[in-house]
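Analysis of the macromolecular model
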Amino acid sequence: MRDGFSDGAVAAALLPWYDRHARDLPWRMGPAALAAGERPDPYRVWLSEIMLQQTTVAAVKDYFQRFTALWPSVTALAAAEDAAVMAEWAGLGYYARARNLLKCARVVASDHGGVFPDTEDGLRQLPGIGPYTAAAIAAIAFDRPAAVMDGNVERVVARLFAVETPLPTAKPELRLLTERLTPDTRPGCYAQAVMDLGATVCTPRSPACGICPLVAMCRGRAQGIAAELPRKAPKQAKPTRQGIAYLALRTDGAVLLETRPDKGLLGGMLGWPGTDWTEAPPPEAPPLAADWHDPDLEVRHTFTHFHLRLRVLLARVPQDAQPERGSFHPRASFRPASLPTVMRKAWDVAAGAWPKD
DNA sequence: AACACGGGGTT
DNA sequence: AACCCAGTGTT
């Protein structure tokens, strides 16, 4: 007993709520199917959890459907071409996830016979699987009583216990509370229940305490500070960087693209050749000699830690053009959707601004 | 422990 | 336009 209710009371209140309100998601095995003895496919659980890192359910849904249609199993994914996987991931962000996804699939295929480890510790050893994801897969796919703590859980627990310590300092404290609340029965459903509650009821702003199954035990609510929790350390301002992107269109319609280095921003993704992105205006650095036009186009895009103002220069180039950087991709196989968002924006603003000849 | 790493949503 | 959200890997 602690704070007026037993550790099991939270799960006891949350599981019936989940049984009624569990969202129907492409990767989720609902409470009814689980009760009938079905088990989730660990591959689908893993894939969804990687995609859901730092990313909303709404953004993930279509990507998950395309990935599972193209690669229905971890062995199928392990055999995919790097470029094909990166192209399918384009637009979802945090591209290191896609590189680690492929690494992980290949380790599972080659070192584990295509079968995911079924323990938190085993999962934790795989590329791209950290503390949260290892616990989530162990709980959801293998029904192990792992303490699953993501941002939603941090918020729910901080409010439930009125934890006023700011993040990230509060993490160890919240983890301890999360561990104590994790039940031995139906831990997979419980983990999804807390995260669903955080996503749909105990929201960052304007939480719907009136319909919350935990309202009776919520100390944050009792103290009138629920909506202010969790407190967070102030974040620093983003600087603005500038750069130039060079879009070259060959006579036959082919476009000049380069694959970015694996390390760093947009690593491993296709992009337009260009300058570095720096706070001072960069010197011009065209990837080939051409009559570069400046139609005064600018793309604005915000990354995790800086704003970018990207100037877009255009050129039509002859069939025999020899680029110093990048390679020409035939128009027929070039899909703007296979570019990261900032690069797709550059293509979009260029439409209608191409020089006549 | 601090930093790098996207994109989308809301206000 | 400014603000919000938030796991993993690297250093």
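What counts and how
- Residues numbered from 1 in each chain as written.
- Chains lettered and ligands numbered in written order.
- Predicted model: local features only at pLDDT ≥ 70, side-chain atom pairs only at ≥ 80, totals over all residues.
- Heavy atoms only, no water.
- Near = heavy atom within 4 Å.
- Polar contact = N/O pair within 3.5 Å; in protein donor to acceptor, adjacent residues only side chain to side chain.
- Helix = DSSP H or I, 4+ residues; strand = E, 2+ residues; numbered from the N terminus.
- Nonpolar A, V, L, I, M, F, W, Y, C, P; charged D, E, K, R; others polar.
- 1 Å grid on protein atoms, 1.4 Å probe; cavity = no way out; pocket = protein on both sides within 12 Å on 5 of 7 lines; lining within 4 Å.
- Points joined across faces, edges and corners; volume = space filled by probe spheres on them.
- Domains from an automatic or database assignment.
- UniProt positions renumbered as here; feature names shortened; annotations may be inferred.
- Core = buried A, V, L, I, M, F, W, Y, C linked by side-chain atoms within 4.5 Å.
- Buried < 20%, exposed > 50% of the residue type's maximum accessible area, 1.4 Å probe, protein only.
- Contact = heavy atoms within 4.5 Å.
- Pairing = 2+ DSSP bridges.
- Axes fitted to C-alpha atoms, helices over the stretch in contact; angles between N-to-C directions.
- Parallel < 35°, antiparallel > 145°, perpendicular 65-115°, else oblique.
- Left-handed = near helix turned anticlockwise from the far one by under 90°.
- Buried area = accessible area lost by both parts, 1.4 Å probe.
- Salt bridge = Lys/Arg side-chain N within 4 Å of Asp/Glu carboxyl O.

**A closer look at the protein's contact with DNA strand C**
Neighbouring DNA strand C are 19 residues; Gln54, Gly128, Gly130, Thr133 and Gly151 lie closest to it. Between DNA strand C and Gly128 there is a distance of 2.4 Å, counted from a phosphate oxygen to a backbone nitrogen or oxygen. Breaking the surface near DNA strand C down by element, the ones donating at least two residues are helix 9 (131–142) and helix 10 (151–160). In terms of residue class, the surface near DNA strand C is made up of six nonpolar, eight polar and five charged.

**Overview of the layout of surface pockets**
Volume-wise, the largest pocket comes out at about 1200 Å³. In this structure, the largest pocket is lined by 37 residues; those nearest its centre are Leu52, Gln54, Asp150, Gly151 and Asn152. Where the lining of the largest pocket is concerned, the elements lending two or more residues are helix 3 (42–52), helix 9, helix 10, helix 11 (171–181) and helix 12 (187–200). Tallied by class, residues from the lining of the largest pocket come to 16 nonpolar, nine polar and twelve charged. Taken as a whole, the second largest pocket holds about 490 Å³ of empty space. Forming the boundary of the second largest pocket are 22 residues, of which Asp82, Met86, Arg99, Asp262 and Gly268 lie nearest the centre. Of all the elements, helix 7 (residues 96–111) adds the most residues to the lining of the second largest pocket, at seven residues. A class-by-class count of the residues in the lining of the second largest pocket yields ten nonpolar, four polar and eight charged. Viewed by domain, the lining of the second largest pocket spans two of them, domain 1 (7–228) and domain 2 (240–350), each represented by three or more residues.

**A look at the protein's contact with DNA strand B**
The full set close to DNA strand B counts 18 residues, and Gln54, Tyr95, Leu266, His301 and Thr304 are the nearest of them. A share of 56% of the atoms of DNA strand B within 4 Å of the protein falls on sugar and phosphate groups. Within the contact set of DNA strand B, a phosphate oxygen lies 3.3 Å away from a side-chain nitrogen or oxygen of His305. Contact distances for DNA strand B include 2.9 Å between a phosphate oxygen and a backbone N or O atom of Thr341.

**A look at the UniProt feature "domain: HhH-GPD" (unreviewed entry) in chain A**
Taking the numbering used here, the UniProt-annotated feature "domain: HhH-GPD" (unreviewed entry) corresponds to residues 51–200. Taken as a whole, residues 51–200 contains 65% helix and 0% strand, while its terminal C-alpha atoms sit 19 Å from one another.

**So, the nonpolar core**
The tendency in soluble globular proteins is for nonpolar side chains to be buried as a group. Counting 105 residues, the largest nonpolar core has Trp46, Leu247 and Trp272 as the members making the most contacts within it. For this core, the element with the most residues is helix 9, which contributes nine residues. Residues lining this core come from more than one domain, with at least three contributed by each of domain 1 (7–228) and domain 2 (240–350). Excluding its chain neighbours within four sequence positions, the residues that come into contact with Trp46 are Val74, Leu77, Leu101, Cys104, Ala105, Phe116, Ile129 and Ile137. Among the nonpolar cores identified, the runner-up in size contains twelve residues, and Tyr246, Leu256, Leu313 and Ala315 belong to it.

**Some thoughts on the pairing of strand 2 (residues 255–259)**
Within a regular beta strand, the side chains point alternately toward one face of the sheet and then the other, so they alternate between its two faces. Most of strand 2 is tucked away: four of the five residues are buried. Pairing between strand 2 and strand 6 (residues 327–329): three bridges, direction antiparallel. Note on strand 6: the bridge partner recorded for Leu256 is Phe328. Pairing between strand 2 and strand 3 (residues 270–271): two bridges, direction antiparallel. Within strand 3, the position partnered with Thr259 by the bridge is Leu270.

**Things to note about the packing of helix 4 (residues 57–70) against helix 6 (residues 82–89)**
Contact geometry of helix 4 with helix 6 gives a least axis separation of 10 Å together with a crossing angle of 155 degrees. Taken together, the axis directions place helix 4 and helix 6 in an arrangement best described as roughly antiparallel. The element helix 4 and its partner helix 6 pack so that their crossing is right-handed. Residue-level contacts link Tyr63, Arg66, Phe67 and Leu70 of helix 4 to Val85, Glu88 and Trp89 of helix 6.

**Structural notes on the pairing of strand 4 (residues 293–302)**
In this sheet, strand 5 (residues 307–317) lies alongside strand 4 in antiparallel orientation, the contact comprising seven bridges. The residue of strand 5 that forms the bridge with Arg300 is Arg309. Hairpin connection of strand 4 to strand 5: four residues between the antiparallel strands.

**Some points on empty space enclosed by the protein**
Empty space left among the atoms is revealed by rolling a probe the size of a water molecule over them. Within the structure shown, the criterion is met by two cavities of 30 Å³ or more. Along its surface, the largest cavity is lined by 15 residues, and Arg159, Cys202, Cys209, Cys212 and Cys218 are the ones closest to its centre. Counting residues per element, the lining of the largest cavity draws most heavily on helix 10, which supplies three residues. Taken as a whole, the second largest cavity holds about 90 Å³ of empty space.

**Let's talk about the domain arrangement of chain A**
For chain A, the domain assignment lists domain 1 (7–228) and domain 2 (240–350). One C-alpha centre belongs to domain 1, the other to domain 2; they are set 36 Å apart. Across the boundary between the two partners, domain 1 contributes eight residues, which contact twelve residues of domain 2. In this assembly, domain 1 packs against domain 2 so that about 720 Å² is buried in total across both faces, 53% of it on carbon and sulfur atoms. Counting the contacts that link domain 1 with domain 2 gives one salt bridge. Across the pair Glu88 and Arg335 runs a salt bridge whose closest N-O atoms are separated by 3.6 Å. Looking at the side of domain 1 that touches domain 2, the element that brings in the most residues is helix 6, giving three residues. When its residues are assigned to classes, the side of domain 1 that touches domain 2 shows five nonpolar, one polar and two charged.

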